[in-house]
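What the coordinates show
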Amino acid sequence: MSAPTYDLGKLHGGLRLQAHKQMSTAEPIRQVPVPAQLILPITQHAGDPAQPVVDIGEHVLKGQLIAKCEDALGAPVHASSSGKVIAIEPWPVSRRYGEDAPCIVIECDGEDTAIESDEDFAAYDTLSSEALLNRILQGGIVGLGGAVFPTAQKLMQANTCDIEFLILNGVECEPYISCDDVLMREHGRQVIGGAQILMHALSIDACYIAVESDKPIAIRNLAEVLGEVDDPRIVIKQVPTIYPSGGEDQLVQLVTNREVPSGGLPGDVACLVQNVGTAAAIHHWMVDHEPLISRITTVTGDGIATPMNVEARLGTTVENIVKFAGGYTENADQLIIGGPMTGKSVTSDRVPLVKATNCILVMSQTAPAKPEMPCIRCGDCAAVCPVQLLPQQLFWYTCADDEKKMRSHGLIDCIECGCCDLICPSHIPLTANFRTAKARIREQADEKARAERARHRFEARNDRLERSQQQRDEELARQKATARRAGPDAIAEILRRKQDKTDED
Ligand code: SF4
Ligand code: SF4
């Protein structure tokens, strides 16, 4: 069955930005050698931290599980190469809302020996949806577009909706970043294979691969692969080159002309969006049996000697990757993890490459930030906001810490795209304010959810203890009744056994 087609929807607002992508796409993807040391944060995903399952001094193999998650609310972490665990300690990381995080440090042995799995890797199309989701969870797969939401959890949620369309996001609209572009140019088969696995997991027959119109080589390569695999369920959709057309809700609107409701999810309009890199990672895990231990990242900017796209093992430091790309230029000034619009400035290149790192951007000295001035109520920020918010008003509410008003004015829908900042003639740091306010609200919600889960666990444990005490009491009463019928020696024996049991407990 071929995928139904829709007219392209329209994106509200947005900006046409200079792309700066050619500087990193001139050469094919290069492989960064395995470094002497790998730094692997136990939390490289949205959700609960994974728990280390290795000890200091233990030898591990490439692909071995080193931190597990209790359920689909997290993602496991695997060793990116073989070597010895030399520390489990806090290390600087490039998280958006934090500095140090617990990491497993591996001293590599240079052998890069992979673990031999004794698991039965059945073909994906022989697995039930549940078994397939469980396998995706075991592979440590998370959304590689930047959100790092555990993929199994996202699929599980999607399966509670009536999904019609899978949309693979190959839009990559933020300037400088080109890792998805080169992935689609060079690994189209993995992307399309991943789409087929995802469609099986969702039991659907329609997938759009959305690609911006300024990526003709990627589009051509995907079309060639599609011709070879002859799968009419998958359709390539070109979308206009405008920032931020790759935002999840914006993409759903562009591709299907359906509007995701405020505070809702694409599932509310029968869509599921996955990044093309995530699809390729799923294929690599299900077909080549390698969990998520490496990724493609763009290392670029005029502060880098030879901008390029590289594939590097997770846990490789940014310092190593920059060295591989020829090092810093003389005037390198600012190191950003991610793109210029949504990335985060970091002060140290000791931070490791993690599942979320789609770009290492080094900028040369830029003009000093212009001083912030009062809002002149020009309305430009509202005109460019792709979510149709009123950034100038939201700004007041975030300054006043008025959560009720922030919520009612749609703060949670803000995708932190930075368009309002870029256009504001008063140089007001709108997005930074929104980001901090959202983080605060999210942290409170996470804390509440964690407390709720802990309460459930506590109550379940109490119930269990109560039940077992009740069973013991009933058993004792039964034995006493039997003993009363048998005589005094039997009672003494039962009391002695009860005492022994109490001592054991
Ligand atoms: S950062 Fe938020 S408020 Fe500003 S334009 Fe983007 S979505 Fe709108
Ligand atoms: S763009 Fe800046 S100055 Fe204009 S309304 Fe928005 S916040 Fe105010």
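Please read all numbers here as calculations on a predicted model, not as lab measurements.

**Comments concerning the site of ligand 1**
- Close to ligand 1 lie 13 residues, the nearest being C385, C414, C417, G418 and C420.
- When contributions to the shell around ligand 1 are tallied by element, the ones reaching two or more residues are α13 (419-423) and α14 (430-486).

**Description of unusual backbone geometry**
- In this structure, the amide linkage connecting Y243 to the following residue, P244, adopts the cis form with an omega of 5°.
- A positive phi is found at V148, a non-glycine position, where the angle reads about 45°.
- The residue V148 is located in the loop between α2 (129-138) and α3 (151-158) in this model.

**Remarks on the domain arrangement of the protein**
- What the domain assignment reports for the protein is domain 1 (121-288) and domain 2 (380-431).
- Taking only C-alpha atoms, the centre of domain 1 and the centre of domain 2 are 29 Å apart.
- Counting residues at the interface gives five residues for domain 1, matched by six residues for domain 2.
- It is Y243, P244 and Q250 that lose the most area in domain 1 upon contact with domain 2, and together they represent 71% of the buried surface on that side.
- Counting across the domain 1 and domain 2 interface gives zero salt bridges.

**Describing the side chain of Q274**
- Position of Q274 among the secondary structure elements: in strand β12 (residues 271-275).
- Taking relative accessible area as the criterion, Q274 reaches 3% and is therefore assigned buried.
- Apart from residues no more than four positions distant in its own chain, Q274 is found in contact with T151, K154, L155, L166, I167, L168, N169 and L198.

**Section: the sheet that holds strand β15 (residues 332-337)**
- Taken in spatial order, the six strands of this open sheet run β1-β14-β13-β17-β15-β16, and their pairing is mixed. Looking at the sheet topology across the chains shown, the edges are occupied by β1 (30-31) and β16 (344-346).
- By the bridge criterion, six bridges tie strand β13 (residues 294-300) to strand β14 (residues 308-313) in an arrangement that is antiparallel. By the bridge assignment for β14, S294 is matched with R313.

**Some points on the sheet that holds strand β3 (residues 51-52)**
- If you trace the three strands from one edge of the open sheet to the other, you get β3-β5-β6, paired in antiparallel fashion. One side of each edge strand has no neighbouring strand; the edge strands of this open sheet are β3 and β6 (77-78).
- Sheet topology note: the β3/strand β5 (residues 65-68) ladder contains two bridges and is antiparallel. Across the sheet, P52 pairs through a bridge with A67, a residue of β5.

**Describing the packing of α2 against helix α8 (residues 276-288)**
- Between α2 and α8, the least distance of the axes is 10 Å, while the angle of their chain directions is 100°. As far as their axial angle goes, α8 and α2 are roughly perpendicular. Facing L132, R135, I136 and Q138 of α2, the residues of α8 in contact are I282, W285 and M286.
- Per-class residue counts for the contact of α2 with α8 are five nonpolar, one polar and one charged.

**Focus: the packing of helix α11 (residues 391-399) against α14**
- For the pair α11 and α14, interaxial distance at closest approach is 10 Å and the crossing angle is 50°. Considering the angle they form, α11 stands oblique to α14. Note on packing geometry: the crossing formed by α11 with α14 is left-handed. Contacts from P391, L394, F395, T398 and C399 in α11 reach L430, N433, F434, A437 and R440 in α14.
- In the contact of α11 with α14, the residues fall into seven nonpolar, two polar and one charged.

**Concerning the pattern of salt bridges**
- Summed over the entire model, instances satisfying the criterion amount to 20 salt bridges.
- Among the salt bridges present, the one from E416 reaches K438, with a minimum N-O distance of 3.1 Å. Placement of the pair is E416 in the loop between α12 (403-408) and α13 and K438 in helix α14, with a sequence separation of 22 residues.
- Among the residues examined, E416 registers a relative accessible area of 5% and is labelled buried.
- In this structure, E459 and R455 form a salt bridge, with 2.7 Å as the shortest nitrogen-oxygen distance. Remark: R455 and E459 occur in helix α14; sequence separation between them is four residues, near one turn of the helix.
- When its relative accessible area of 36% is taken as the criterion, E459 is described as partly exposed.
- Classification of R455 as partly exposed rests on a relative accessible area of 37%.

**Concerning the confidence of the model for the protein**
- Here the protein shows a mean pLDDT of 91. Residues at 70 or above account for 94%.
- Confidence drops under a pLDDT of 50 for residues 1-6, and excluding neighbours within four residues, the segment shows 20 contacts in the predicted structure.

**Focus on α11**
- Inspection of α11 places P391, Q392, L394, F395, Y397 and T398 among the buried residues, and these make up the whole buried set.
- Tucked into the core, α11 has its buried residues touching α10 (380-384), α12, α13 and α14.
- D401 sits one or two residues past α11 and shows a positive phi near 55°.

**Here's the deal with the nonpolar core**
- Ranked by size, the top nonpolar core spans 86 residues in total, and within it I66, I106, L166, L168 and I209 carry the most contacts.
- The dominant element in this core, judged by the number of residues it contributes, is helix α5 (residues 188-202), at eight residues.
- Every residue in contact with L166, bar those within four places of it in the chain, is listed here: A195, L198, M199, L202, I204, A206, C207, Y208, L272 and Q274.
- Grouped together as the second largest cluster of nonpolar side chains are 24 residues, L11, V260, V273 and V384 included.

**Things to note about the packing of aromatic side chains**
- Enumeration over the complete set of coordinates arrives at two aromatic pairs.
- Here F165 and Y208 contribute two aromatic rings whose centre-to-centre distance is 5.4 Å and whose plane-to-plane angle is 40°, an arrangement assigned as tilted. Of this pair, F165 sits in strand β9 (residues 165-170) while Y208 sits in strand β10 (residues 207-212), and the two are 43 residues apart along the sequence.
- Across the ring face of Y208, the terminal group of K237 is positioned such that the distance to the ring centre comes to 5.1 Å.
- One residue, R350, lies across the ring of W91, its end atom 4.6 Å from the ring centre.

What counts, and at which threshold
Along each chain, residues carry numbers from 1 onward, in the same order as the chain's sequence is written. Key to labels: chains lettered from A, ligands numbered from 1, both in the order written. Restriction of local features to residues with pLDDT of at least 70 applies here, the model being predicted, together with a cutoff of 80 or more for giving and counting side-chain atom pairs; totals for whole chains, interfaces and linings are based on all residues. Computation of side-chain values covers all heavy atoms of the structure but excludes hydrogens and water. Here, proximity means that at least one heavy atom of the residue falls within 4 Å of the molecule or strand. Counting from the N terminus, the helices are the DSSP runs of H or I reaching at least four residues and the strands are the DSSP runs of E reaching at least two. Boundary definitions for the domains trace back to an automatic or database domain assignment. Working rule for contacts: check all heavy atoms of both residues, and any pair within 4.5 Å makes them a contact. Put simply, buried area is how much 1.4 Å-probe accessible surface two parts lose in total, over both of them, once they are put together. Throughout this description, the term salt bridge denotes a Lys or Arg side-chain nitrogen within 4 Å of a carboxyl oxygen of Asp or Glu. The cut-offs for exposure are 20% and 50% of the maximum accessible area for each residue type, with area from a 1.4 Å probe on protein chains only; residues under the lower value are buried, those over the upper are exposed, and the others partly exposed. When DSSP finds two or more bridges between two strands, those strands count as paired. Interaxial angles span 0 to 180 degrees and are taken between N-to-C directions of axes, which are lines fitted to C-alpha atoms, for helices over the stretch in contact. Roughly parallel here means an angle under 35 degrees, roughly antiparallel means over 145, roughly perpendicular means 65 to 115, and every remaining angle is called oblique. Under the scheme applied here, ten amino acids are nonpolar (Ala, Val, Leu, Ile, Met, Phe, Trp, Tyr, Cys and Pro), four are charged (Asp, Glu, Lys and Arg), and all others, including Gly, are polar. By definition, any crossing whose near helix is turned counterclockwise from its far helix by less than a right angle is left-handed, and any crossing with a clockwise turn is right-handed. Scored between 0 and 100, pLDDT is the confidence that the predictor attaches to each residue. Note on terminology: a nonpolar core comprises buried Ala, Val, Leu, Ile, Met, Phe, Trp, Tyr and Cys residues joined through side-chain atoms within 4.5 Å. Between 30 and 60 degrees the pair is tilted, below 30 it is stacked and above 60 it is edge-to-face, where a pair is any two Phe, Tyr or Trp rings, Trp via its six-membered ring, whose centres lie within 6.5 Å. Only when the NZ atom of a Lys or the CZ atom of an Arg is both within 6 Å of the ring centre and within 35 degrees of the ring normal do we say a charge sits over the ring.

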